[in-house]
Amino acid sequence: MKVAVCGKFIPDPNLTVGVDLDSKRLVRDPSQSILDPGDEFGIEAALKLVEQHGGEVVVVSMGPEAADAAIRRAMAMGVERAILVTDPALEGSDALTTAKVLSKVVASESPDVVICATESTDAYTGMVPGAMAAMLDMPQLTFVRSMEIDGTTITAQRDYENGYQTVKAELPVLVTVTASIAEPRYPSFKGMMQAKKKPIDTRDVAAVGLSPGEAGEQGARERVVTLSKVEIEKQTRMIEDDGSGDSVDEIIAYLKQVQAI
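Fair warning: this is a prediction, and the values are worked out from it, not measured in the lab.

Enumeration over the complete set of coordinates arrives at 1 cavity of 30 Å³ or more. What the largest cavity holds in volume is close to 30 Å³. As for the largest cavity, its lining consists of Gly-7, Lys-8, Leu-35, Ile-43, Val-59, Ser-61, Ala-70, Ile-71 and Ala-74. Secondary-structure elements contributing two or more residues to the lining of the largest cavity are strand S6 (56-62) and helix H2 (68-77). If one sorts the elements of the lining of the largest cavity by residue count, H2 sits on top with 3 residues.

Next up, the structure:
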């Protein structure tokens, strides 16, 4: 079994992330960037599948050359091989271009399962996995909290607002996983040392079959038009009790109205 996992190099969400007001993009400092924590859940799920069924896990990423730091962490967890698409021409790429690039690389690997996080922790669009599934002509199982593979059939539990659904699909399949899928293993010192020696296949735009006009800001279909501060307005409702005890019923009615209970 071959499992391809998408991994992204993002600004550390535990630190303050700035925005360039001219380009309307996040300020990405490689020294303060890490492997997306959401992708670690996907990597753990992929490693577990291979431990159960045999095969290999390959991490696929798109980003700057410094993104090899994120890939090395995935390798320290146990991934043996990785592909990084890095090219100055990719700067300013939108979700569609990202999906194109990742899909072309994934297609060249012919995996049985593709695993992505539900959404990246820096952009939160959630659009890339769905676009990839369409481009790869694969069924997509979203918000997966657990999965089992029997032969060529995958059975998964899919989270939704009031519980979960059990769904099935035939391989190959693209899966987006939630944090419930598995607790990511912590890389051991031995794993970190071994990760330094593992190969990373680095490719540019031409190598994945895209022209410069299809990549980066020039090929982007999305534009950030404006930026604005988030304003939070706190609403308060005062309920006074005159000693009759009617305020309890009024409080309960109000909490039901706002669906707090």
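Tracing the chain through its elements places Pro-11 in strand S2 (residues 9-11). We classify Pro-11 as buried; its relative accessible area is 8%. Sequence separation between Pro-11 and Leu-171 is 160 residues; the distance between their C-alpha atoms is 34 Å. Sequence-distant contacts of Pro-11, that is, excluding residues within four places in its chain, are made with Val-17, Val-27, Arg-28, Gln-32, Ser-33 and Asp-122.

Within strand S1 (residues 2-6), 5 of the 5 residues are buried, which leaves it mostly tucked inside the rest of the structure. Along S1, one buried face is formed by Lys-2, Ala-4 and Cys-6 and the opposite face, lined by Val-3 and Val-5, is buried too. Relative to S6, S1 is paired through 5 bridges, and the arrangement is parallel. Residue Cys-6 lies in a different strand from S6, and its bridge partner there is Val-60. Sheet topology places S1 next to strand S8 (residues 113-117); 3 bridges connect them, and they run parallel. Across the sheet, the residue bridging to Ala-4 is Val-114, located in S8.

Of all hydrophobic cores here, the largest spans 40 residues; its most connected members are Val-3, Val-113, Ile-115, Met-147, Ile-154 and Val-175. Tallying contributions element by element places helix H1 (residues 37-53) first for this core, with 7 residues. If we ignore the near neighbours within four places in the chain, the residues touching Val-175 are Val-113, Val-114, Ile-115, Cys-116, Leu-141, Val-144, Met-147 and Ile-154. Ranked by size, the runner-up nonpolar core spans 26 residues in total, among them Ala-95, Val-106, Val-114 and Met-138.

Time to look at the sheet that holds strand S12 (residues 173-177). Spatial strand order, S11-S10-S9-S12-S8-S1-S6-S7-S13: 9 strands in an open sheet with mixed pairing. Two strands lie at the open edges of the sheet, namely strand S11 (163-170) and strand S13 (200-203), each paired on one side alone. For this sheet, the mean inter-axis angle between neighbouring strands, taken without regard to orientation, is 30°. Summarising the sheet, strand S7 (residues 81-85) and S13 pair through 4 bridges and their orientation is parallel. Its bridge partner being in S13, Leu-84 is matched across the sheet by Thr-202.

For the rest of this paragraph, the subject is H1. Residues that lie three or four places apart on an α-helix share one face, since the helix turns once every 3.6 residues. Given a rise of 1.5 Å per residue, 17 residues ought to cover 24 Å, and the 25 Å separating the end C-alpha atoms of H1 matches this to within 8%. Of all the residues in H1, the buried ones are Asp-39, Glu-40, Phe-41, Gly-42, Ile-43, Glu-44, Ala-45, Ala-46, Leu-47, Leu-49 and Val-50. At the N-terminal boundary of H1, the capping side chain belongs to Asp-36, with an oxygen 2.9 Å from the backbone nitrogen of Gly-38. Just beyond H1, the residue with positive phi is Gly-54, at close to 80°.

Parameters and conventions
Residues numbered from 1 in each chain as written. Predicted model: local features only at pLDDT ≥ 70, side-chain atom pairs only at ≥ 80, totals over all residues. Heavy atoms only, no water. 1 Å grid on protein atoms, 1.4 Å probe; cavity = no way out; pocket = protein on both sides within 12 Å on 5 of 7 lines; lining within 4 Å. Points joined across faces, edges and corners; volume = space filled by probe spheres on them. Helix = DSSP H or I, 4+ residues; strand = E, 2+ residues; numbered from the N terminus. Buried < 20%, exposed > 50% of the residue type's maximum accessible area, 1.4 Å probe, protein only. Contact = heavy atoms within 4.5 Å. Pairing = 2+ DSSP bridges. Core = buried A, V, L, I, M, F, W, Y, C linked by side-chain atoms within 4.5 Å. Axes fitted to C-alpha atoms, helices over the stretch in contact; angles between N-to-C directions. Expected span 1.5 Å × (residues − 1). Polar contact = N/O pair within 3.5 Å; in protein donor to acceptor, adjacent residues only side chain to side chain.

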